[in-house]
Amino acid sequence: MPIGTTIEFSHIHKSFGATTAVNDLSFTVEPGRVTGFLGPNGAGKTTSLRMLLGLVAPTSGTATFGGIRYRDLPQPLHTVGAALEAASFHPGRSAANHLGVYTRAAGLPRTRVTAVLEQVGLGAHAEQRVGGYSLGMRQRLGLAYALLGDPGVLVLDEPINGLDPEGIKWIRGFLRAMAAEGRTVLVSSHLLSEVQQSVDDVVIIARGALVHLGPLSSLETDAAPQIVVDSPDREALGAALRQAGLTFSVGRTGLLVATPDPALVGHLAFAAGVEISSLHRQKAGLEDSFLALVGEGHTL
Amino acid sequence: MSSLLNAIGAEFAKILTTRLWWILALVLFGYIGLLAGGLAALFAGIQSGAISPDAAGTSSGGIPDFGTLPPLVYSFASSVGYVFPVLIGALATTGEFRHQTLTPTFLASPRRGQVLGAKVIALFVVGAVFGVVALAASVGIGAPVMNAFDVDPMLSDAATWWLIGRIVLAMGLWAIIGVGLGVLVPNQVASIVIVLAFTQFVEPLLRLAASFLEVTARIGNFLPGAASDALVGASVFTMASPTGGAAEALDWWQGGLVLLAYALAATVGGYAVSWKRDVT
């Protein structure tokens, strides 16, 4: 049974010219758990993962597997399996030959090729040229590459992108199973909803910097509940709320008021003589707290 | 050491699992076969009197000296065919950038210098195999044609077999130059345009221009194509030079070293320019 090691990002920093892609990022990923690495597109997730894997050189800081940099691992594919994007293939090569090239490079037995293709459900398409693969099949082939060395650590960049519903269900079970075997699983996504059913921990970054770290449940308590209130005359309602010193934003279903107290909002509307058409308390969902954290909350 | 051998094995697998290598080898064989067979027939025909010089349009210059016709015909393999190993070397390298296969490559073998070294070694062998294919065409077709016109194909001559060996070596070195070019210019289209423009147009013109003065001719000897011809020791280009080789050509081993220097300089330069950069 492969043993997962911890992934350690330590004060890692990357600048491309004048732009800072990743800024002083530090966190640890534990074995036996699925960790979601979340953030909007362009937040620096892929750059961070590429630094972890030695493909991009950090400007400063280190990213290691139990203290060892990727390039210093004695058997990299046996320690870490990574799937980065769905396009790293020569279109004229068959899936089996594609994997065969890298089993040879890593000194792994050729039998691993068939094994991993079966494992990801591509056994029937092993001899097909990758150029004819669908996006979902390419994702699975990328995953097959990651599994070649039966690694203790899995690093997957947006593995759910492009999968059909059946594939999504499959990969969720797959991630859970990998972690249950004691492996370290780090999986990135720009959508919390994509991974929230399978992750134990979340690491959230925005604009290259860490904004939240903790178990998935920590997202629930982070956000205060809001009141959703609507009126045929939103302007008058808004004026009344403003007068009482409440802040709010305009959402699709009404005004989202930053207060936990529905009675207060009802009273204010009544006192101002504004008719209201709905009033309820909304417990912010995980997605809302996620969006609030990465700075893409409801602003109009 | 075993990781280098693994990396070399992977580079061979990359070449052999796509169709490019045998398509190029097939075109190389056809091209060199036609050229060597056709010109062997023409020159041997003139030499043996079977074709009159008037009909061939060479009457004004009298009968040219064809004392070394077989080496000339055989050397088409490299003097004309060298563009093929350059192409496969450049395509093998630029393809890694184009198809983003550097990512799985560097994940499996994080030591990048070793990967490039493995590519150089593997492509040298592939280039040498291309040399064998080209010789199968130039000797395999040229020799029987010359024989048919009663010109001795000199196949029992040890010098001919040395020539053949040097052609194989030159073709291997040209493939490394292709690898070097590919890392210097990772854009595949740009790389191919440079290969074709340089080998088919720029260098032949430079060699011709350089050959008019003795001092420039000496410099011209160090052009890669001229160095390759010096290594091989026979070429249709040196025969066609207007001063008839007034400036002494390089020795075969000097030509070989010059060619090797080009190959290594391009590869080492390309390592710094693109290979060790961030893979994004």
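Rules used in this analysis
Residues numbered from 1 in each chain as written. Chains lettered and ligands numbered in written order. Predicted model: local features only at pLDDT ≥ 70, side-chain atom pairs only at ≥ 80, totals over all residues. Heavy atoms only, no water. Helix = DSSP H or I, 4+ residues; strand = E, 2+ residues; numbered from the N terminus. Buried < 20%, exposed > 50% of the residue type's maximum accessible area, 1.4 Å probe, protein only. Pairing = 2+ DSSP bridges. Axes fitted to C-alpha atoms, helices over the stretch in contact; angles between N-to-C directions. UniProt positions renumbered as here; feature names shortened; annotations may be inferred. Contact = heavy atoms within 4.5 Å. Buried area = accessible area lost by both parts, 1.4 Å probe. Salt bridge = Lys/Arg side-chain N within 4 Å of Asp/Glu carboxyl O. Nonpolar A, V, L, I, M, F, W, Y, C, P; charged D, E, K, R; others polar. Phe/Tyr/Trp six-rings, centres within 6.5 Å; stacked < 30°, edge-to-face > 60°. Lys NZ or Arg CZ within 6 Å of the ring centre and 35° of its normal. Core = buried A, V, L, I, M, F, W, Y, C linked by side-chain atoms within 4.5 Å.

Focus on the overall build of chain B
Move 1: Along chain B, the regular secondary structure elements total 14 helices and 0 strands.
Move 2: The order of helices and strands in chain B, counted from the N terminus, is α-α-α-α-α-α-α-α-α-α-α-α-α-α.
Move 3: Buried residues in chain B amount to 50% of all 280 residues.

Description of the sheet that holds strand S6 (residues 153-157) of chain A
Each strand in a sheet pairs with its neighbour through backbone hydrogen bonds, running either in the same direction (parallel) or in the opposite one (antiparallel).
Residue and element names in this part refer to chain A.
Move 1: Taken in spatial order, the 6 strands line up as S5-S6-S7-S3-S8-S9 in an open sheet, and their pairing is mixed. Each edge of the open sheet is held by one strand with a lone partner, namely strand S5 (80-83) and strand S9 (209-215). On average, each strand axis in the sheet is inclined to that of its neighbour by 15°, with strand direction left out of account.
Move 2: Both S6 and strand S7 (residues 184-189) contribute to a ladder of 5 bridges, which runs parallel.

Quick word on the UniProt feature "transmembrane region" (unreviewed entry) in chain B
All names here are of chain B.
Move 1: As recorded in UniProt, the feature "transmembrane region" (unreviewed entry) lies at residues 20-46, 72-95, 116-141, 161-185, 192-213 and 252-273.
Move 2: Structurally, residues 72-95 is divided into 83% helix and 0% strand, and its ends, taken at the C-alpha atoms, are 35 Å apart.
Move 3: The straight-line gap between the two end C-alpha atoms of residues 192-213 is 32 Å; of that span, 86% is helix and 0% is strand.

Focus: the environment of Arg112(B)
Move 1: As for its placement among the helices and strands, Arg112(B) is situated in helix H8 (residues 112-148).
Move 2: Here Arg112(B) falls in the buried class, since its relative accessible area comes to 11%.
Move 3: With 20 residues separating them along the chain, Arg112(B) and Ala92(B) place their C-alpha atoms 16 Å apart.
Move 4: What Arg112(B) contacts, discounting residues up to four positions off in sequence, is Gly54(A), Leu55(A), Phe106(B), Tyr271(B), Trp275(B), Lys276(B), Arg277(B) and Val279(B).

So, the interface of chain A and chain B
Move 1: Taken together, the 31 residues of chain A in the interface contact 24 residues of chain B.
Move 2: Here chain A and chain B share an interface that buries about 2,400 Å² over both sides, 59% of which is from carbon and sulfur atoms.
Move 3: On the surface where chain A and chain B come into contact, there are 1 salt bridge.
Move 4: Asp278(B) is the partner of Lys14(A) in a salt bridge, and the nearest nitrogen-oxygen pair spans 2.8 Å.
Move 5: When residues of the side of chain A that touches chain B are assigned to their parent elements, the largest contribution, 6 residues, is made by helix H3 (residues 95-106) of chain A.
Move 6: Split by residue class, the side of chain A that touches chain B holds 18 nonpolar, 6 polar and 7 charged.

Focus on the sheet that holds strand S13 (residues 278-282) of chain A
Residues and elements named next belong to chain A.
Move 1: One open sheet accounts for 4 strands, arranged S11-S12-S10-S13; its pairing is antiparallel. In the strand order of this sheet, the two ends are held by strand S11 (248-250) and S13, each with one partner. The sheet shows a mean angle of 20° between the axes of neighbouring strands, taken without regard to direction.
Move 2: Summarising the sheet, strand S10 (residues 226-230) and strand S12 (residues 255-257) pair through 3 bridges and their orientation is antiparallel. Paired with Ile227 across the bridge in S12 is Val257.
Move 3: Across the sheet, helix H9 (residues 234-243) lies against S10, S11 and S12, angled at about 15° from S12, the strand it touches most.
Move 4: Where helix H10 (residues 262-272) meets the sheet, it contacts S10, S12 and S13, and its direction lies at approximately 160° from that of S13.

Side note on the packing of aromatic side chains
Move 1: A complete count under the given rule lists 10 aromatic pairs over all chains for this structure.
Move 2: Consider the rings of Trp170(A) and Phe174(A), whose centres lie 5.4 Å apart with planes at 20°: the pair is stacked. One end of the pair, Trp170(A), and the other, Phe174(A), are both in helix H6 (residues 165-180), 4 residues apart, so they sit about a helical turn from each other.
Move 3: Centre to centre, the rings of Phe106(B) and Trp275(B) are 5.3 Å apart; their planes meet at 85°, and the pair counts as edge-to-face. Residue Phe106(B) is found in helix H7 (residues 102-108), and its partner Trp275(B) is found in helix H14 (residues 252-275); the two are separated by 169 residues along the sequence. As far as burial versus exposure is concerned, Phe106(B) and Trp275(B) are alike and both buried.
Move 4: Taken together, the aromatic side chains of Phe9(A), Phe27(A) and Phe37(A) make up a single cluster linked through ring pairs.
Move 5: Above the ring of Trp170(A), the side-chain terminus of Arg140(A) is found at 4.9 Å from the ring centroid.

Thoughts on the nonpolar core
Move 1: Counting residues in each nonpolar core, the largest one holds 141 residues, and the members touching the most others are Ile7(A), Leu53(A), Phe65(A), Leu99(A), Leu117(A), Leu141(A) and Val155(A).
Move 2: The dominant element in this core, judged by the number of residues it contributes, is helix H9 (residues 158-184) of chain B, at 13 residues.
Move 3: Aside from chain neighbours lying at most four places away, what touches Ile7(A) is Phe27(A), Thr28(A), Val29(A), Leu52(A), Thr64(A), Phe65(A), Val153(A), Val155(A), Thr184(A) and Leu186(A).
Move 4: Ile227(A), Leu241(A), Leu255(A) and Ala269(A) belong to the second largest nonpolar core, which has 11 residues in total.

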